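# Remarks on the overall topology
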Amino acid sequence: MAGLLTTAGPAITTLAQRSEKAEQELSAATKDAIPVTLHVNGQKHNLRIDPRTTLLDCLREHLHLTGSKKGCDHGQCGACTVHVNGRRMNSCLCLAAMYQGDEITTIEGVGQPGNLHPIQEAFVAHDAYQCGYCTCGQIMSAVALLSEPVGPEDAEVKEFMSGNICRCGAYQNIVEAIQSVRQSTNRQKAG
Amino acid sequence: MPTITETATTSPIGRQTPRIDGPFKVSGTAMYASDFNFTGLLFAVPVEATIANGKLQKLDASEAEKMPGVRAIFHRANIGKIFRSVLQPPNSGIADERRPPLADDVIRYYGQYVAIAVADTFEAAKAAADAVRATYTKDKPNVNLDLQPESEPEAVETTHGRLKRLQSERGDPDKAFASAQVKVDQTYVTPAETHNPIELQGTIAMWDGQMLTIYEESQAVFNLRSVLAQMFGLPKENVRVITKFVGSGFGSKLWPWTHCALACAAARQLGKPVKLVLSRRMMFQSVGHRPRTQQRVRLGATNEGKLVSLMQDYLNDLDILGGYHENCGESTSYFYSVPNLRVHWGRTRRNIASPTPMRGPGAVPGLFATESAMNELADQLKIDPVRLRELNEPKIDEGKGIPFSSRHYLECLQRGGERFGWANRNAEVGSMKRDGSILGWGMSGAAWIAGRFPAQASVELRDDGSARVACGTQDIGTGTYTILAQLVSDKTGVPLNKIEVVLGDTSLPPGPISGGSLVTGSIVPAVFDAADNAITSLLTVATTEPGSPFGNRTPDDLAFEAGRVFAKADGLAKGVSVSDLLRRTNMRLVTGSGKSEGTLDEKKPKVSMHSYCCHFVEVTWQPATARLHVNRVVTVIDGGRIINPLAGRNQIEGAVVMGVGMALLEHTIYDPQNGAPINSNLADYLMAVNADAPLMEVHFLDYPDTDVNPLGARGIGEIGLAGVAAAITAATYHATGVRVRELPIRIEDLLTSSILA
């Protein structure tokens with residue numbers, strides 16, 4: 001995977017720096033901006049944003065955390081799924097200013113290449129994607145699902161994952177990937 | 001000394017290979033067009049017409065222009081010159097909507113752009129676009145669902161040049177049909193479908209006074225460059241298109257759409273980078289769709305089931321100005337043996353936006369019609385639909401009169417039937433039951449073109465043991481990054497994790513469009529040629545450059561295997577690795593370029609190249625609740641050699657899922673009052689979700705088709721969708737006794753079923 005470095009995004013460590021710069025530009029441009037403090041992936045961000053800004057647009061355009069995707073902006077596709085205090089949410093339906101003080105986790109906080117979460121590893125191993133655009137949302141839902149009251153059967157996983165549309169139709173592999181992690185977790189518990 | 005792990009020990013071709021770009025896709029670090037950000041970036045939101053037929057009377061931007069953060073409202077009077085583009089044969093300058101945006105005040109479809117708001121933030125741009133007041137003179141839009149052919153000459157202009165409407169003809173199909181012992185004469189309808197990739201289309205455009213650079217999720221970066229160069233009057237060298245990752249396209253991102261030119265024009269006017277990302281609603285209005293088709297199919301056969309006549313007369317609707325042709329006859333002339341055949345088509349203009357290719361264009365709606373007719377014929381004849389297909393298997397392509405390169409359709413049928421358990425079928429409608437539900441079984445076959453586009457590539461071997469391969473094609477989710485790495489690893493012995501693959505940029509060697517399932521087939525020879533040339537260059541370096549241990553040899557004395565150069569006389573064990581050789585000769589890299597010709601423009605092809613498949617489907621029907629569900633699908637693919645079976649199986653499963661949507665869910669609905677696609681969101685336009693996906697079993701026959709390329713690999717991106725809907729409607733008939741000939745199958749269609757559990 002080293003081979004793909006030229007196609008990959010900026011390293012996560014540069015994000016705080018970048019957002020500060022973008023912030024200065026923005027506060028000059030928008031006089032109606034309001035101060036908002038967000039806690040994202042364990043980092044505190046003091047922002048000045050348009051009060052109309054959704055959490056999704058705030059993450060993408062202000063914090064440059066672009067792993068959360070916009071697919072519908074209506075809470076219908078799940079590509080923007082993030083965790084707010086551990087629960088999965090469609091960030092396109094959230095106004096950023098309403099989530100001050102909450103712990104927000106995005107895909108960037110779940111795992112990065114070289115240090116992937118077991119669900120991320122399983123998605124790679126099981127080819128649980130094609131184009132990859134809905135994938136971060138699928139993974140955010142899948143990670144949340146691990147601590148939700150979901151029965152052991154595939155049918156239940158399918159139901160719980162049906163808020164995340166994959167137009168490429170990699171559903172069978174998504175279920176396989178999630179079940180492989182759940183089964184190995186159960187084995188570990190049993191062992 | 002190189003360690004044994006530094007070189008791949010066996011070829012990765014044909015091996016289940018996790019995608020090399022996977023870790024980026026699962027972590028949010030894969031960069032899609034709208035993820036890029038640049039200093040001073042402005043945001044644009046287009047203003048959509050709210051009528052489908054009429055004229056823009058007045059545009060009042062005064063309120064919008066005064067809003068905070070707004071940079072400009074552009075419209076026809078101030079957007080600057082945007083030129084018209086034309087087709088540059090054979091494969092460049094393609095666009096389904098060629099009218100430049102804002103070119104005149106006539107509104108021909110709902111959602112046509114009439115202005116564009118640009119502001120410092122997305123929120124300000126959206127508010128400004130909403131505040132632009134447009135007034136129109138309205139005429140009643142024509143979005144009539146009953147298609148009647150326009151009176152057009154027999155040869156008409158299309159997006160791809162002039163085509164004859166009489167697509168194929170042999171024998172005397174009318175006479176043979178009239179005297180046939182058994183006949184089917186039915187009309188099949190497929191609705192407008194919207195591609196709906198989850199990635200919204202969009203453009204980031206930058207203009208520096210000379211060079212136009214755009215980030216766009218394109219399935220064809222070189223074609224986009226040729227169109228934009230024309231629209232902005234630039235030498236093509238001054239336009240660069242970059243597409244690193246594409247959030248799929250299914251055809252909607254093949255050809256340029258008007259929002260892209262608007263973003264470029266806005267960037268030019270303001271001298272700043274501009275990001276324009278469409279809303280999901282706009283994705284239903286102005287970036288193409290699969291058009292409605294209406295197809296009359298007539299089959300005549302003997303009492304034994306031998307076809308004597310096949311006629312297909314089909315229509316698609318299209319926009320007022322365009323030339324889109326939905327090629328429903330793509331596979332009709334060669335799929336079955338029949339002495340008398342005619343395929344003829346026409347078009348009907350409507351106040352809708354331009355259609356565009358959608359996954360398996362033409363063949364997917366076309367095979368729904370012809371395979372449904374075959375299933376009806378089998379039922380009339382009371383013979384097994386698999387048997388009917390076996391009886392009509394052709395020996396050659398009877399449309400072109402040439403042999404098939406590699407056709408194993410009968411084996412698909414046999415293997416599929418075995419895996420599914422087809423022998424246990426009771427053909428009587430409503431006769432098969434399980435757990436209080438009625439089971440329905442159905443099947444269908446399909447075919448799809450194979451071949452090559454022209455392609456170029458370059459391969460570098462580097463002193464750190466790594467390789468780089470570059471090709472200006474795209475990975476739209478089909479696994480092209482990984483396939484390129486597999487090809488280079490196979491040739492050079494460099495392991496997959498040391499191969500850098502670079503795609504999606506017009507500064508790279510020109511690569512094929514991501515369309516027609518042709519990328520894999522096209523790039524194999526070009527990449528192999530490039531790798532061979534890099535190795536030749538390496539052997540020359542070995543014999544000429546100071547520091548090489550082979551200074552006293554000639555290139556002919558040397559060989560290259562498993563990443564090592566060695567003297568043939570001494571054997572592989574005494575060879576040196578690529579990295580060793582380059583370091584000793586103080587070289588960073590050797591490079592090779594490769595190219596291959598296309599096959600699609602051959603005037604007189606010697607063989608007929610296609611992929612084949614069949615689907616066996618089980619549905620359950622619960623009469624009490626009128627619930628129809630697709631339980632399981634067995635699919636067998638004759639797609640040549642499969643380079644990555646892991647991604648390959650996924651492609652076919654994904655296509656089957658889309659086929660479930662096509663059969664049961666998908667339908668873009670135009671409001672007859674105002675011409676708007678009214679279900680223009682993902683809650684009202686239903687697509688298959690995880691819970692809708694059946695249990696899928698996919699088998700590849702894996703017969704190499706070496707007429708396509710040396711590996712024998714054909715493409716498989718589209719074939720898996722073709723035929724699914726016909727198999728599902730056949731299974732539905734078997735369960736319910738209701739024959740559905742217009743998609744999608746609706747609950748209300750099935751309420752007439754008299755079958756009880």
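Residues numbered from 1 in each chain as written. Chains lettered and ligands numbered in written order. Predicted model: local features only at pLDDT ≥ 70, side-chain atom pairs only at ≥ 80, totals over all residues. Heavy atoms only, no water.

### A word on the domain arrangement of chain A
Residues and elements named next belong to chain A. Annotation of chain A at the domain level lists domain 1 (10-110) and domain 2 (118-190). Across the contact, 15 residues belong to domain 1 and 16 residues belong to domain 2. The contact between domain 1 and domain 2 buries some 1,300 Å² in all, and 57% of this surface belongs to carbon and sulfur atoms. Counting every contact that joins domain 1 to domain 2 gives one salt bridge. For Arg88, the salt bridge goes to Glu148, with nearest N and O atoms at 2.8 Å. (Domains from an automatic or database assignment. Contact = heavy atoms within 4.5 Å. Buried area = accessible area lost by both parts, 1.4 Å probe. Salt bridge = Lys/Arg side-chain N within 4 Å of Asp/Glu carboxyl O.)

### Examining the environment of Glu103 of chain A
All names here are of chain A. One can find Glu103 in strand 5 (residues 103-105). Exposure remark for Glu103: the relative accessible area of 40% places this residue in the partly exposed category. Considered as a pair, Glu103 and Asn85 are 18 residues apart in the sequence and their alpha carbons are 4.9 Å apart. Residues in contact with Glu103, not counting those within four places in the same chain, are His39, Gly42, His83, Val84 and Asn85. (Helix = DSSP H or I, 4+ residues; strand = E, 2+ residues; numbered from the N terminus. Buried < 20%, exposed > 50% of the residue type's maximum accessible area, 1.4 Å probe, protein only.)

### Let's talk about the interface of chain B and chain A
Size of an interface: often given as the accessible area lost when the parts come together. Listed per partner, the contact involves 76 residues of chain B and 69 residues of chain A. When chain B packs against chain A, the two sides together hide about 5,800 Å² of surface, and 56% of this comes from carbon and sulfur. Its largest share of buried area at the contact with chain A, chain B owes to Val26, Ile198 and Asn690 of chain B, together 14% of the area lost on that side. Linking chain B with chain A are five salt bridges.

### So, the confidence of the model for chain A
Mean pLDDT over chain A stands at 88; residues scoring 70 or higher make up 84%. Note that pLDDT drops below 50 for residues 1-20 of chain A; the model gives that stretch 42 contacts with residues more than four away or on any other chain. (pLDDT = per-residue confidence, 0-100.)

### Quick look at unusual backbone geometry
Residue and element names in this part refer to chain B. Put simply, Leu743 and Pro744 share a cis peptide bond, and its omega is -10°. Position of Pro744 relative to the elements: it lies in the loop between helix 16 (724-736) and helix 17 (747-750). For Leu102, which is not glycine, the phi torsion reads 65° and is therefore positive. Among the secondary structure elements, Leu102 is positioned in the loop between strand 3 (70-74) and strand 4 (106-107). Residue classification places Leu102 among the buried positions, given a relative accessible area of 5%. Despite not being glycine, Asn586 has its phi angle at roughly 60°, a positive value. Mapped onto the fold, Asn586 is located in the loop between helix 14 (578-584) and strand 26 (589-596).

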